[in-house]
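Coordinates in review
Listed here are the chains, written in short residue letters.
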Amino acid sequence: MGFSLHRLQNIGAEVRDLDLRGPLSDDLARDLYSAWLDHGVLLFREAGTSKDIHLRLSRVFGELEEHPIKSLLVEDEKELIALGEKKGAPVLFDDQLWGGFIFFHQDTSYTPNICKGSMLRMLRKPERGGDTIWTDTAKAYAALPPSLKERIADLSAIYCFRSGAVERRYGWSEHAVREAPAGHVSEVQIPDFPLVSHPMVARHPESGIGSLLISPLNFVHVEGMEKSRGDALYEEIVRHALRPEFAYHHKWSVNDLVLWDNRRTMHCALGYPYEQTRIVHRTTLHGPMQTGHYYRANVSEQSEKA
Ligand code: SIN
């Protein structure tokens, strides 16, 4: 193997001793791919010194897709989005105005085709905050009590696009996240995504390992269950998945690249003081799980869309 692997805490591995400045051989690409499947998250510390390196390394893991939120695309780059260049609406986090907070989610879970993975590159780091947490939803599923596994085996949940995290912080009682005072609007234009339904458990299409398929940021309700009972069940599952022993907490350096397998992880951007700037670029790996379908909501459900 032409690189070394060093485990991160609970999920993921850091790839070291790899020169990313030129194309990678087929053997290296194959070994990196299998390391990614094994570890779920790969960190290439300070190795993303250019946009080309980011794009070339991302393509080792599959075809890239255009992100469905076009207003985030980097100019002249269909395969790259920028987060933080356009300011989203802030939240109040422990009473401070806080930007870039994105509660736990799986990327593109508000579409029927949850993407295969994503790779993030840190371009500009805020002085404070800006960390990201990944959690291993395969490990979390394996550790569920059998009775809970049975209860959710045939359940699906309904999802919508949501970027704020105020109402839906299931399992997150550590900080008080509240609505920011009126007057702050997001600069990001979001298309109108219809509601979708995904099973709460899915097998990884490559490894075959069972995993929780949950995205609390986007959650609307559990399909076919009375709302408060469904919410309580979903919250119990999310609380379990957010246990610290399943999580890796990353403190970024500029040019870090982090790749994750979206089919067995969820992640949370912890945000940073609103007046500061944090810019990351992200690629999105095509290779949909095809677990979902559009969901026809009744009138009272429609009003739940954020
Ligand atoms: C994302 O949710 O894809 C972005 C995470 C981050 O900016 O840390």
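So, here's what we can say about the structure.

Brief notes about the site of the ligand
- Neighbouring the ligand are the residues Leu-83, Ile-102, His-105, Asp-107, Leu-120, Thr-132, Trp-260, His-267, Ala-269, Arg-278, Val-280 and Arg-282.
- The side chain of Arg-282 places a nitrogen or oxygen atom 2.9 Å from an oxygen atom of the ligand.
- A total of 260 Å² of accessible area belongs to the ligand in isolation, and the protein chains cover 98% of it.
- Secondary-structure elements contributing two or more residues to the shell around the ligand are β6 (96-105), β17 (265-273) and β18 (279-285).
- By residue class, the composition of the shell around the ligand is six nonpolar, three polar and three charged.

Digging into unusual backbone geometry
- Unlike most non-glycine residues, Asp-94 shows phi in positive territory, near 45°.
- Inspection of the secondary structure puts Asp-94 in the loop between β5 (91-93) and β6.
- Classification of Asp-94 by relative accessible area gives partly exposed; the value is 42%.
- Positive phi values are uncommon outside glycine, yet Thr-108 reaches one of about 55°.
- Taking the relative accessible area as the measure of exposure, Thr-108 reaches 3% and is therefore buried.

Let's talk about helix α1 (residues 26-39)
- A rise of 1.5 Å per residue sets the reference length of α1, with its 14 residues, at 20 Å; its end C-alpha atoms lie 20 Å apart and thus fit the reference within 8%.
- Listing the buried residues of α1 in full gives Leu-28, Ala-29, Asp-31, Leu-32, Tyr-33, Ala-35, Trp-36 and His-39.
- One or two positions beyond α1, positive phi appears at Gly-40, with a value near 80°.

Some thoughts on the nonpolar core
- Counting residues in hydrophobic clusters, the biggest one holds 36 residues, and the most contacted among them are Phe-101, Ile-152, Met-200, Leu-212, Ile-214, Tyr-234 and Ile-237.
- Mapped by element, the contributors of at least two residues to this core are β5, β6, α3 (137-142), α4 (146-152), β9 (156-159), β14 (219-222), α5 (227-241) and β17.
- Top element by residues in this core is α5. It accounts for five residues.
- If you look at the next biggest cluster of nonpolar residues, it comprises 25 residues, including Ala-13, Leu-24, Tyr-33 and Phe-61.

Re the side chain of His-198
- Locating His-198 in the fold gives a position in strand β11 (residues 196-199).
- Within the local environment of His-198, its side chain forms a polar contact with the backbone nitrogen of Gly-292, the two atoms lying 3.4 Å apart.
- Not counting residues within four places of it along the chain, the set of residues in contact with His-198 comprises Ser-109, Thr-111, Pro-112, Ile-114, Ser-156, Ala-157, Tyr-159, Leu-213, Thr-291 and Gly-292.

Some words on the pattern of salt bridges
- Tallying each qualifying case throughout the model produces 16 salt bridges.
- Notably, a salt bridge pairs Arg-45 with Glu-14, separated by 2.9 Å at the nearest N-O pair. Of the two residues, Arg-45 is situated in the loop between β3 (41-44) and α2 (51-59) and Glu-14 in strand β2 (residues 13-16); the sequence distance between them amounts to 31 residues.
- Its salt-bridge partner being Arg-21, residue Asp-19 comes within 2.9 Å of it at the nearest N-O pair.
- Take Arg-21: its relative accessible area is 67%, and that puts it in the exposed class.

Some points on the side chain of Asp-31
- Relative to the helices and strands, Asp-31 resides in helix α1.
- When its relative accessible area of 18% is taken as the criterion, Asp-31 is described as buried.
- Leave out the neighbours within four places in its chain, and Asp-31 touches Met-1 and Phe-3.

Overview of the environment of Ala-247
- Summarising the element assignment, Ala-247 is placed in strand β15 (residues 247-250).
- Here Ala-247 is in contact with Gln-9, Asn-10, Ile-11, Ile-133, Trp-134 and Thr-135, once residues within four sequence places are set aside.

Digging into the environment of His-267
- Note on placement: His-267 falls in strand β17.
- Spatially, the C-alpha atom of His-267 lies 6.1 Å from that of Thr-135, the residues being 132 residues apart in sequence.
- Not counting chain neighbours up to four residues away, the residues in contact with His-267 comprise Phe-103, Phe-104, His-105, Asp-107, Thr-132, Ile-133, Trp-134, Trp-260 and Asn-262.
- At 3.2 Å, the side chain of His-267 and the side chain of Asp-107 are in polar contact.

What counts, and where the lines are drawn
Residues numbered from 1 in each chain as written. Predicted model: local features only at pLDDT ≥ 70, side-chain atom pairs only at ≥ 80, totals over all residues. Heavy atoms only, no water. Near = heavy atom within 4 Å. Polar contact = N/O pair within 3.5 Å; in protein donor to acceptor, adjacent residues only side chain to side chain. Areas by Shrake-Rupley, 256 points an atom, 1.4 Å probe, with all protein chains shown as cover. Helix = DSSP H or I, 4+ residues; strand = E, 2+ residues; numbered from the N terminus. Nonpolar A, V, L, I, M, F, W, Y, C, P; charged D, E, K, R; others polar. Buried < 20%, exposed > 50% of the residue type's maximum accessible area, 1.4 Å probe, protein only. Expected span 1.5 Å × (residues − 1). Core = buried A, V, L, I, M, F, W, Y, C linked by side-chain atoms within 4.5 Å. Contact = heavy atoms within 4.5 Å. Salt bridge = Lys/Arg side-chain N within 4 Å of Asp/Glu carboxyl O.

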